[in-house]
Amino acid sequence: MSARESAPSPRPRASAVQKIGLHPRNRHRAGYDFPALVRASPELARFVRPSPVGTDTIDFADPAAVLALNRALLTHAYGISHWEIPAGYLCPPIPSRADYIHRVADLLAGAGDATPRGPATAVLDIGVGANCIYPIVGVAEYDWRFVGSDIDPVAVASARRIVAANSTLVDRVEIRHQRTPAEIFAGVVKPGETFAASICNPPFHASARDAAAVATRKLKNLRRGKTRSRILNFGGQSNELWCRGGEAAFIRRLIEESARQPELCRWFTTLVAQHDHLAGIYRALAAVRAVDVRTIPLEHGQKKSRIVAWTFQPARPTRPAN
């Protein structure tokens, strides 16, 4: 009986990293060093102001301030000299995006192995977006090689401009246009191509109306001081924020396609924003006989999320300790 046939139904379990909060290797774990960020990107200075407790902060309800903070973070922490995104596109919270990359690095390392570094580790970013954040962090932290895909031609063009404008990315990141929105891998992955992992931040909402309602509520709460959340997502086009059936439907489709190409990735992974979606995801993974399923918690401020990762390949032998 093969490993796939004999594997028990997948059950959620935490990754080797049990500590909740930003990853120990996350550069933003200690908070924002605003003096250093302003030195790296002087445009940020006009947005910095005292917080109620006297520390430096910005107005996170101001999209221009969040954009300036992101530019400063990317310059200071990741050596990015040029980062522009089209108006109205997603301006993501960089610390939590970086955490996804670090957690995947731990997943790829497994038990007893060194964290993989260098371009031999290839990662597929499904829905790379106009901002190209995951490849930026993965290249800077681990020197990985990335293929980023997106269905939006404007996002593809933006991500390609970011890659072309930053020499550290040119030989490490390739952006591909997914011309068939109903497909995830077909039309993007080349024959014989494989990856150590795929990553995905799926659309959360089931409709544009739902996305707009949630964004409006968050912004009102922030302005009224009803939340201490340090970062919100601002902007976002339809394909970034919603799809028919929402997050759960997109992830089910991702699972079905991964089962048709089980050798494509050592680990398939996705963010899961809604805890209530986990039971259906686990059932879908059991149905396709994934060999191993991991649930990796994420936390940034008051925001809690998780990564679900699965593989169809048997576990690799653990290297003996020296």
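Here, every reference points to the structure presented above.
Residues numbered from 1 in each chain as written. Predicted model: local features only at pLDDT ≥ 70, side-chain atom pairs only at ≥ 80, totals over all residues. Heavy atoms only, no water.

## Some points on the overall build of the chain
Here's step 1: For the chain, the count of helices and strands is eleven helices and nine strands.
Here's step 2: Scored against the burial criterion, the 322 residues of the chain give a buried share of 51%.
Here's step 3: Put simply, of all contacts in the chain between residues at least 6 apart along the chain, 73% involve residues at least 24 apart.
Here's step 4: With the model as given, the accessible surface of the chain reaches about 15400 Å², and the carbon-plus-sulfur share is 51%. (Helix = DSSP H or I, 4+ residues; strand = E, 2+ residues; numbered from the N terminus. Buried < 20%, exposed > 50% of the residue type's maximum accessible area, 1.4 Å probe, protein only. Contact = heavy atoms within 4.5 Å. Areas by Shrake-Rupley, 256 points an atom, 1.4 Å probe, with all protein chains shown as cover.)

## Some words on the sheet that holds strand β8 (residues 292-300)
Here's step 1: Taken in spatial order, the seven strands of this open sheet run β5-β4-β3-β6-β7-β9-β8, and their pairing is mixed. Pairing within the sheet leaves two strands with one partner each, and these edge strands are β5 (173-177) and β8. Going across the sheet, the axis of each strand differs from the next one's by a mean of 20°, ignoring polarity.
Here's step 2: Bridge count between strand β3 (residues 122-126) and strand β6 (residues 195-200): four bridges; the pairing is parallel. (Pairing = 2+ DSSP bridges. Axes fitted to C-alpha atoms, helices over the stretch in contact; angles between N-to-C directions.)

## Section: the pattern of salt bridges
Two side chains that carry opposite charge are able to pair once their charged atoms sit near each other.
Here's step 1: Going through the model one piece at a time under the given rule, you end up with ten salt bridges.
Here's step 2: Put simply, Glu 174 and Arg 176 hold a salt bridge, and the shortest N to O gap is 3.1 Å.
Here's step 3: With a relative accessible area of 8%, Arg 176 lands in the buried category. (Salt bridge = Lys/Arg side-chain N within 4 Å of Asp/Glu carboxyl O.)

## Re helix α11 (residues 278-287)
Here's step 1: If you check which residues of α11 are buried, you get Leu 278, Ile 281, Tyr 282, Ala 284 and Leu 285. Viewed end-on, α11 has its buried residues packed into an arc of 160°, placing them on one side of the element. Exposed side chains of α11 directed beyond 90 degrees from the buried face belong to Arg 283 and Ala 287.
Here's step 2: Packing partners of the buried residues in α11 comprise α10 (246-260), β7 (265-272), β8 and β9 (303-311).
Here's step 3: Two residues or fewer past α11, Arg 289 is found with a positive phi of approximately 60°. (Arc of directions from axis to C-beta.)

## Re the nonpolar core
Here's step 1: Ile 58, Leu 69, Tyr 78, Trp 83 and Trp 144 are the most contacted members of the largest nonpolar core, which totals 54 residues.
Here's step 2: Top contributing element to this core by residue count: helix α3 (residues 63-78), with nine residues.
Here's step 3: Residues contacting Leu 69, with those up to four places away along its chain left out, are Tyr 32, Phe 34, Leu 37, Leu 44, Ile 58 and Phe 60.
Here's step 4: If you look at the next biggest cluster of nonpolar residues, it comprises 29 residues, including Leu 124, Ile 251, Ile 255 and Val 293. (Core = buried A, V, L, I, M, F, W, Y, C linked by side-chain atoms within 4.5 Å.)

## What about the packing of aromatic side chains?
Here's step 1: As enumerated under the stated definition, the model contains seven aromatic pairs in all.
Here's step 2: An aromatic cluster of three or more residues is present, and its members are Phe 185, Phe 268, Trp 310 and Phe 312. (Phe/Tyr/Trp six-rings, centres within 6.5 Å; stacked < 30°, edge-to-face > 60°.)

In short, the description is geometric, and any link to function would need to be established separately.
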